[in-house]
Amino acid sequence: MVDLSRRAVVALLGAGLAGTAISWPRLTGRDIPGRGDDALTVALFGTQQDAVARQALVDGFQRKHPDVAVRIVPIQGQDWGEYFAKILTMIAAGTPPDVVTVATEGTQLFASRLAHPIDEYVQRDAAEMQEYFDDVHPALIESFMYKGSLFQMPDNFNAANVFYNTGALERSGMERPRDDWSVDDFFALSRAMKSGSEGRFLPYFWTNRLWGGVVPWLYINNTSFLTEEKASGGDWFWSRFYPDQEPRGGGFLWEHADALNDRTVESFAVLQRMVAEGLAANPAQGGGNELVALFSSGQVGMTPAGGFWVQGLSEAGVANDDYDVIFFPKMASQRHQFGAGGYAIMETSKRKDEAWEWLKYCVSYEGMSIAHTKPDSSIPRRSLNTELYGAGLGPAHWEVFYDTLDKFPDTAPIPAPPQQAAVESALTKNVVGAITNGPGGVRRGLEIMQRDLEIALGGR
Amino acid sequence: MSTTLTASPTLAEPNPETDVQPGRRKPRLLITLFLAPTVIGLGLFTLVPIIASVVLAFFRWDIITAPEFVGLDNFARLASSPTVRVSFLNTIGFVATAVIVQLAVALLLAILVQSRMPTWLRTFFRSTLFFPLILSAASVSLIMAYLFNQEFGLVNEVLGWLGIAKVGWLTTGFGAKVVVLLVYVWQNFGFTFLLFIGGIAAIPKEVYEAASIDGATGWKQFWQLTLPLISPTMLVASVMAIINALQIFDQPWVLTRGGPGDETRTAVMVIYESAFRQLDFGGASAVGVVLTLLIMLVTAIQFQLSKRFVFYG
């Protein structure tokens, strides 16, 4: 056993105390981004590189507001659910950000518990904001309303359209479908693509998730897996900013399960036939990481995607004329699905006025021009979207991205009530069962889905 | 203090309760100092969270609003939830099969590697078979998901060359369970394998020589010598394998997200989903408490059984 002298013990204790003092910020968590920092903290869903890429936006903001320091906190996650979980962890840790990027998936969760409505700010700066709203389709704004109040302003959006491989179309011997093509046309094209291709080839690849999964097939049949109603209120907004249009109400309400609706059963039966016939993938749950490689190598004929994919395909070496985009086919309607993203002010923020200035700058023409320099997401401002996608990079029919809103004005956001995570889980885990057990399995699968959705919506 | 440190030795019998021997205080202080970080760490990061989790199981808490005491409500919800019920059944079924397969594979390979072969080859096998354990479970599962993809995976491609139709590895209940089991066992048997290597290597050669003289060879030697003599190792290996398998999360999460349906949903996945996706920290804690009790129960049974089946020489 080592025999320590009194001096050695004192020295050890001293070293321990010095070490503790040096690491005090870490031990007390003062080095956690946002804690003890005199800056407007903006959390975004992305990597450190994404945060660095926003520096130009921060610089632009600070030119207008030199007294407001801004700290961008990137939060990585596999999907929005993970991102929200990490934001909530920041709240639990006592370091809530002032501003967060929130996608449609989380809008109502944040609006119902965490976010501060921006009604008063929008009304106060109405004259300044009118120019923004004039440039943005009201459906996008509506998706960020909850129970009559506005919580966000869209900074990006993506409607689910059908991307197709032009080589596969050519080999099928068919022409590009008309904009109002039907589900029968879709089947005919899929069969032709399959017979015209060799080796491993799948006419339609899709991923089992809220955006681009079964929902587009439900929306084009004018149905969903949840009931859809409109909240009252919101007239203050529509009458002021969109006076020439029919008021859209106070935001969507998805409060009840509706998986056994006849049209829902019909849409699932369509997908069941597609998978059974080998025209569509049996979707694995989770992401679609392999999709870019499969699509770019011509192993996939069609897939749901949106404007966000243009940059990704370009980086994967896919030429503009290797693919194109078209609307989803028509069933009872041709209503489409979209997801949008934007900044929200946290209810806990002590810098709400500064946060509003950030929101306002980010949706200004200048702010959006700085933030969106690549075609990696459709832009709510029609003018900027035209500039970005019309610049040459992307599919021939890039107008489809915004036309989805203009031609089908009832196009709606992802159904995402405040219980979105539980609802998404109840949906995705039952999709495979509903479409892979033969025609008779569709209703059985949907009955289980209905039960799980009721449990999910019955939760808090 | 100075008096006790410099006290003279006494001729009387030392009383450990009352006497402080010269030089004894320092080692005790030293021991305390060295143990302190571990004890404090365990207390702060293991004991406190365990207690907090047990307490939380009786509350409704979503991080955002203040916790609300709900008594046994979370446990009642847990008992009536079909998802939780299925996830526990899946977990138990998985543990039963995975542990048996893991122990069998590890033992078989350990015996083969310990049989007569050049040292370099033995070293090669030991390293290679242990290697999967050091890989990230998420990365391995991600790659396996590509390999077992129904439409484009290499496994179905190879089966296709043999004239076998595409198998829905990850899209059918049975297929998904098989893949999760395979991936888990492949990645985890390395540690059990090393334990068995150690156990087998510790058996004296003379025992086998004596057995050979008595006419016991091959299977008989394995059954009547090797197995009883490595039974303590087997106990340790099985306890650790069961505890690990009961906590399975990474592989099914990445491979199937618990699907199709709830076919591969496990108890720990329910904990994660309840807490971090559905903000139901009380419900998640209740599941955690039940899982902990299950682990304790299984381990206690194992140790009880070990009195009958484990041979300590």
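Scroll up to find the structure this text is about.
Residues numbered from 1 in each chain as written. Chains lettered and ligands numbered in written order. Predicted model: local features only at pLDDT ≥ 70, side-chain atom pairs only at ≥ 80, totals over all residues. Heavy atoms only, no water.

1. Description of the packing of helix α5 (residues 119-130) of chain B against helix α8 (residues 173-201) of chain B
Residue and element names in this part refer to chain B. Following both chains from N to C, one finds α5 and α8 inclined at 145 degrees, their axes separated by 8 Å at the closest point. On α8, the residues touching F125, R126, L129 and F130 of α5 are F189, G190, F191, F193, L194 and I197. Residue classes in the contact of α5 with α8 are distributed as eight nonpolar, one polar and one charged. (Axes fitted to C-alpha atoms, helices over the stretch in contact; angles between N-to-C directions. Helix = DSSP H or I, 4+ residues; strand = E, 2+ residues; numbered from the N terminus. Contact = heavy atoms within 4.5 Å. Nonpolar A, V, L, I, M, F, W, Y, C, P; charged D, E, K, R; others polar.)

2. Things to note about the pairing of strand β12 (residues 300-305) of chain A
Residue and element names in this part refer to chain A. Across the six residues that make up β12, a large majority, six, are buried. Bridge analysis of strand β9 (residues 202-204) against β12 gives two bridges, and the strand direction is parallel. Bridging across to β12, Y204 finds its partner in M302. (Buried < 20%, exposed > 50% of the residue type's maximum accessible area, 1.4 Å probe, protein only. Pairing = 2+ DSSP bridges.)

3. Looking at the interface of chain B and chain A
Contacts between the two partners involve 36 residues from chain B, matched on the other side by 39 residues from chain A. Here chain B meets chain A over a buried area of about 3,400 Å², counting both sides, of which 59% is carbon and sulfur. Area buried by chain B at its contact with chain A is led by B:F152, B:R257 and B:R277, which between them contribute 20% of it. For the interface between chain B and chain A, the tally reads three salt bridges. When the shortest N-O distance is used, the salt bridge between A:R200 and B:E157 registers 3.6 Å. Linking chain B with chain A are six residue pairs in polar contact (both at pLDDT 80 or more). (Buried area = accessible area lost by both parts, 1.4 Å probe. Salt bridge = Lys/Arg side-chain N within 4 Å of Asp/Glu carboxyl O. Polar contact = N/O pair within 3.5 Å; in protein donor to acceptor, adjacent residues only side chain to side chain.)

4. Here's the deal with the packing of aromatic side chains
The final tally for this structure, using the stated rule, is 46 aromatic pairs over all chains. Ring geometry for A:F237 versus A:W238: centroids 5.0 Å apart, planes at 85 degrees, classification edge-to-face. Just as A:F237 is buried, A:W238 falls in that class too. An angle of 75 degrees between the planes, with centres 5.1 Å apart, marks the rings of B:W253 and B:Y272 as edge-to-face. Of this pair, B:W253 sits in helix α12 (residues 250-255) while B:Y272 is found in helix α13 (residues 267-277), placing the two residues 19 residues apart along the sequence. For the pair B:W253 and B:Y272, one class covers both residues: buried. Of the aromatic side chains, those joined through ring pairs into one cluster are A:Y132, A:F133, A:W236, A:F237, A:W238, A:F241 and A:Y242. Looking at A:K230, its charged tip hangs above the ring of A:F252, at a distance of 4.9 Å from the centre. (Phe/Tyr/Trp six-rings, centres within 6.5 Å; stacked < 30°, edge-to-face > 60°. Lys NZ or Arg CZ within 6 Å of the ring centre and 35° of its normal.)

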